Amino acid sequence: MSTVYDLLVIGSGPAGQRAAIYASKLGKKVALVEMREVVGGACISTGTIPSKTMREAVLHLSGYNYKSIYGMNYRVKERITMADLAFRVQHVIKTEIDVTEAQLSRNNIEMLTGVASFVDPTHVKVTNSKGSTFYEAKNILIATGTKPASSPKVPINGTSIINSDLVLDLVNLPKTLIVVGGGVIGVEYCCMFAALGVRVTLIERRPRLLEFADQEIIEALSYHLRDSRVTMRLNEGVDTVEEMPDGTVVATLESKKKVQGDALLYAVGRQGNVVELNLAAVGVEADSRGRIPVDKDFRTKVPNIFAVGDVIGFPSLASVSMEQGRIASARAFGDETIISNPSFYPYGIYTIPEISFIGKTEEQLTEEDVPYEVGVAYYREIARGQIRGDTTGRLKLIFHRTTHLILGVHIIGEGASELLHIGQAVMALGGKLDYFVETVFNYPTLAECYKVAAFNGLNRVSKYE
Ligand SMILES: Cc1cc2nc3c(=O)[nH]c(=O)nc-3n(C[C@H](O)[C@H](O)[C@H](O)COP(=O)(O)OP(=O)(O)OC[C@H]3O[C@@H](n4cnc5c(N)ncnc54)[C@H](O)[C@@H]3O)c2cc1C
Ligand SMILES: NC(=O)c1ccc[n+]([C@@H]2O[C@H](COP(=O)([O-])OP(=O)(O)OC[C@H]3O[C@@H](n4cnc5c(N)ncnc54)[C@H](O)[C@@H]3O)[C@@H](O)[C@H]2O)c1
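Residues numbered from 1 in each chain as written. Chains lettered and ligands numbered in written order. Predicted model: local features only at pLDDT ≥ 70, side-chain atom pairs only at ≥ 80, totals over all residues.

An unreviewed UniProt entry lists the protein under the name Soluble pyridine nucleotide transhydrogenase, with Granulicella rosea given as the organism. According to the UniProt record, the Sequence similarities (unreviewed entry) comment for the protein reads "Belongs to the class-I pyridine nucleotide-disulfide oxidoreductase family." According to the UniProt record, the Subcellular location (unreviewed entry) comment for the protein is "Cytoplasm". (UniProt positions renumbered as here; feature names shortened; annotations may be inferred.)

And the structure:
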């Protein structure tokens, strides 16, 4: 126990990586502890990267984006297997791990492999197959992420009853799939399997899917889900799940109805990875979902211990986790200059079609009595929409009726999560609707939607306002 680190980071996901690299750039001595064999966290191993790669493989192999041009029977591969999907995913995971390892090593971050647990506020024990080693650090940052929530009434078996960590363990593509949970994970996987021709039943306890998104956009998504033969059971909770002797799965709903399928994906939320940390040794307490409370600088109630990323809860995004890591690291070393405005954090939901948004929804603005107007552009009116074969997408600008400041941008359709960043930049720089009217965009591009939506919005506002 000779070295005293300036910062010891627990967890090598996006939050931990950014924190470690930022501290190293400040010239600090940094160690990063990871209990998995590889770096990258849930983000690279089981979450963001595998799910987004699988989606890309599904879109390509199923020919989904070109069916409106070449006909509903168009596909790149006739019989798509789970092995086809896993092939692409494993390649991207491996590359991302290599890139991350190289980046950490370039920044002189010392990698420690094992499970970290607190001894006291400046000492951590790291345990692996060789035994336990003790480390001392002036600051400690918890970035341990989450794992899928489980229930004793839902026996995950890795073959027919799975969670989001186990999707690629499915040996065969099921003919029918039950998805429990209409949150981001449930809806994203629901869309992927539906695009592969699997008959999906989506069960969500709340009356709406993705309640934090704009209602009109979710209505458009629901139309697509029904069009892909998804059966939606809203206002219905799953009580128990059973594997049947014939290998099928039966979910019993709280309303006593039964739903049968070849497989079931249980995606009802996530639980913070805090059990191994021995938080009691430092007097920090997590809540029942394993979330650690922090202040605006991501400091726990112990001044030299910080927590960032999914383990602190909402919004639980890779993008935001990275930013939290960077800010916490800066604060640990007294740097107050880094500021970040959560009002301009975007959402990218990789459903099929994709959804992306920033700022307020119409429902929120109505609730807050803000006088707003909307301008909408439909991809089918834009040349690039026709060329790409996406004639159902739309972009909605929400702006203040009198000041014309942009209050929100909501997009559903091909490329939504990239396209959103134009609106994000304009919003963050205090831009108005007029920017889009006065700016010349490349033609033909989807970006043209901003101009069309701006004209549409202006036409709806009386010139006497
Ligand atoms: C299916 C799925 C799809 C997603 N898609 C998106 C998306 O499209 N866009 C997006 O922005 N976000 C997405 N997310 C969320 C994103 O993956 C998380 O927000 C992000 O991974 C959180 O980063 P993190 O660093 O907080 O934690 P993690 O990535 O979970 O990393 C935590 C690490 O800590 C390690 N660890 C835990 N406890 C200990 C311990 N005691 N000792 C040592 N190591 C420990 C773990 O092994 C893990 O490697 C998705 C998540 C899932 C599950
Ligand atoms: N594109 C992205 O940014 C992306 C993608 C995937 C995941 N994520 C992150 O991962 C996190 C976890 O996602 P999630 O979808 O697992 O959790 P979630 O909490 O967002 O959604 C879970 C849903 O399951 C429902 N539910 C709970 N118990 C139920 C039951 N018994 N029967 C029926 N429905 C039930 C809840 O009402 C809720 O809507 C999210 O917070 C999200 O930020 C982000």
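Still to come is the rest of the account.
Participant: Teacher, can you tell me more about the sheet that holds strand E19 (residues 355–359) here?
Facilitator: Spatial strand order, E18-E19-E22-E21-E20: five strands in an open sheet with antiparallel pairing. Whereas interior strands pair on both sides, the edge strands pair on one side only; in this sheet they are strand E18 (347–349) and strand E20 (372–378). Across the sheet, the mean angle from the axis of one strand to that of its neighbour is 15 degrees, orientation sign disregarded. Bridge count between E18 and E19: three bridges; the pairing is antiparallel. What sits directly across from Tyr347, in E19, is Phe357. Against the sheet, helix H11 (residues 416–428) makes contact with E18, E19 and strand E22 (406–412), and its axis sits at roughly 10 degrees relative to E19, the strand it touches most. Across the sheet, helix H13 (residues 448–460) touches E20 and strand E21 (394–400), and the angle it forms with E20 is around 140 degrees. (Pairing = 2+ DSSP bridges. Helix = DSSP H or I, 4+ residues; strand = E, 2+ residues; numbered from the N terminus. Axes fitted to C-alpha atoms, helices over the stretch in contact; angles between N-to-C directions. Contact = placed C-beta atoms within 7 Å.)

Participant: I keep staring at the domain arrangement of the protein and nothing clicks. Help me out?
Facilitator: The extent of an interface is frequently quoted as the accessible surface area lost upon association of the parts. The assigned domain composition of the protein is domain 1 (4–147 + 271–343), domain 2 (161–268) and domain 3 (353–462). Relative to domain 3, the C-alpha centre of domain 1 lies at a distance of 32 Å. Counting residues at the interface gives four residues for domain 1, matched by four residues for domain 3. When grouped by side-chain class, the residues that make up the side of domain 1 that touches domain 3 number two nonpolar, two polar and no charged. (Domains from an automatic or database assignment. Nonpolar A, V, L, I, M, F, W, Y, C, P; charged D, E, K, R; others polar.)

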